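Examination of the molecular architecture
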Amino acid sequence: MQLNSLTGQLLLAMPTLEDPNFRDSVVLLCHHDADGCMGLIINRPQELTVETVLDDLKCAAVETNGTADWRTQQTYAGGPMDSFRGFVLHDGWHIYESTMQVSPELHLTASRDVLEEIASGDGPEHFMLILGYAGWGAGQLESELGHNDWLVAPANHHIVFHVPPEMRWGIGARSMGIDRSMLSDQIGHA
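Here goes a summary of the coordinates provided. (Residues numbered from 1 in each chain as written. Predicted model: local features only at pLDDT ≥ 70, side-chain atom pairs only at ≥ 80, totals over all residues. Heavy atoms only, no water.)

**Re the environment of His158**
- Mapped onto the elements, His158 comes out in helix α5 (residues 157–161).
- Between the C-alpha atoms of His158 and Gly170, which are twelve residues apart in sequence, the distance is 13 Å. (Helix = DSSP H or I, 4+ residues; strand = E, 2+ residues; numbered from the N terminus.)

**Description of the nonpolar core**
- Formed by 26 residues in total, the largest nonpolar core has its most connected members in Leu10, Leu28, Ile42 and Leu89.
- Non-local contacts of Leu28, meaning those with residues more than four positions away in its chain, are made with Gly8, Gln9, Leu10, Met38, Gly39, Leu40, Ile42, Leu89, Val102, Leu106 and Ala155.
- Core analysis: the second largest hydrophobic core is formed by 14 residues, Leu6, Leu17, Phe22 and Val27 among them. (Core = buried A, V, L, I, M, F, W, Y, C linked by side-chain atoms within 4.5 Å. Buried < 20%, exposed > 50% of the residue type's maximum accessible area, 1.4 Å probe, protein only. Contact = heavy atoms within 4.5 Å.)

**Structural notes on the packing of aromatic side chains**
- Inspection of every chain in the model, using the stated rule, returns four aromatic pairs.
- Ring centres 5.7 Å apart and planes at 75 degrees place the aromatic pair Phe22 and Trp150 in the edge-to-face group. Taken as a pair, Phe22 in the loop between β1 (9–13) and β2 (26–33) and Trp150 in strand β10 (residues 150–154) lie far apart in primary sequence, 128 residues in all. The residues Phe22 and Trp150 share a single accessibility class, namely buried.
- Between Phe87 and Tyr133 the ring centres are 5.9 Å apart and the planes differ by 80 degrees, which places this aromatic pair in the edge-to-face class. (Phe/Tyr/Trp six-rings, centres within 6.5 Å; stacked < 30°, edge-to-face > 60°.)

**Here we look at the pairing of β1**
- With four of its five residues buried, β1 lies for the most part within the structure.
- Here five bridges tie β1 to β10, and the two strands are oriented antiparallel to one another. Note on β10: the bridge partner recorded for Leu10 is Ala153.
- Taken together, the three bridges between β1 and β2 define a ladder with antiparallel strand orientation. When the sheet's bridge partners are listed, Leu10 is paired in β2 with Leu28. (Pairing = 2+ DSSP bridges.)

**Concerning the environment of Pro164**
- Examined against the element boundaries, Pro164 turns out to sit in the loop between α5 and α6 (168–174).
- Taking the C-alpha atoms as reference points, Pro164 and Thr52, 112 residues apart in sequence, are found 22 Å from one another.

**Observations regarding helix α3 (residues 112–120)**
- Of the residues making up α3, those classed as buried are Val114, Leu115, Ile118 and Ala119. Looking down the long axis of α3, one finds its buried residues gathered within 140 degrees of arc, a one-sided arrangement.
- Of the surrounding elements, those touching the buried residues of α3 are α1 (50–56), α2 (69–72), β6 (81–90), β8 (106–109) and β9 (127–137).
- Directly beyond the C-terminal end of α3, a positive phi value near 90 degrees is found at Gly121. (Arc of directions from axis to C-beta.)

So, in structure tokens, the structure goes:
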């Protein structure tokens, strides 16, 4: 199955996808080409807070009046690969040492400078700190799409940063006119 790049799109795990790493997941595809793809699960918050990660990395946080929103923001489990590697998915046009544009309104940075700006209060307005990622080798995702393991939905700033994590699958599906209750979790055999 040959597809154009799906970079910047959402993958919604179908009810029939039983892999525990991806069951009910919403994955933002950050890179997709003939050699494979990389994405981040964006609907699995962890108890680990952004403040804890920044403290562990010795990023000096500025003192603020009251509690800054980012201090208690949860991190996300981005996928089964390299769970100690961190990524910051963010909005805005902040360009950091290793920023890549995922879509016109979404950017991904994996360098320490974005964390230092977040700690100083000068970071992007909306962001998610994601630990780990999902990866597919050449042709692997295309094969899974051919087996109807995933729906492909448009990603946007609203779904990523403003919709609660537990509602992202449903909102993504509804953006395509699909109601999850109409999907079967049974695989048909002809």
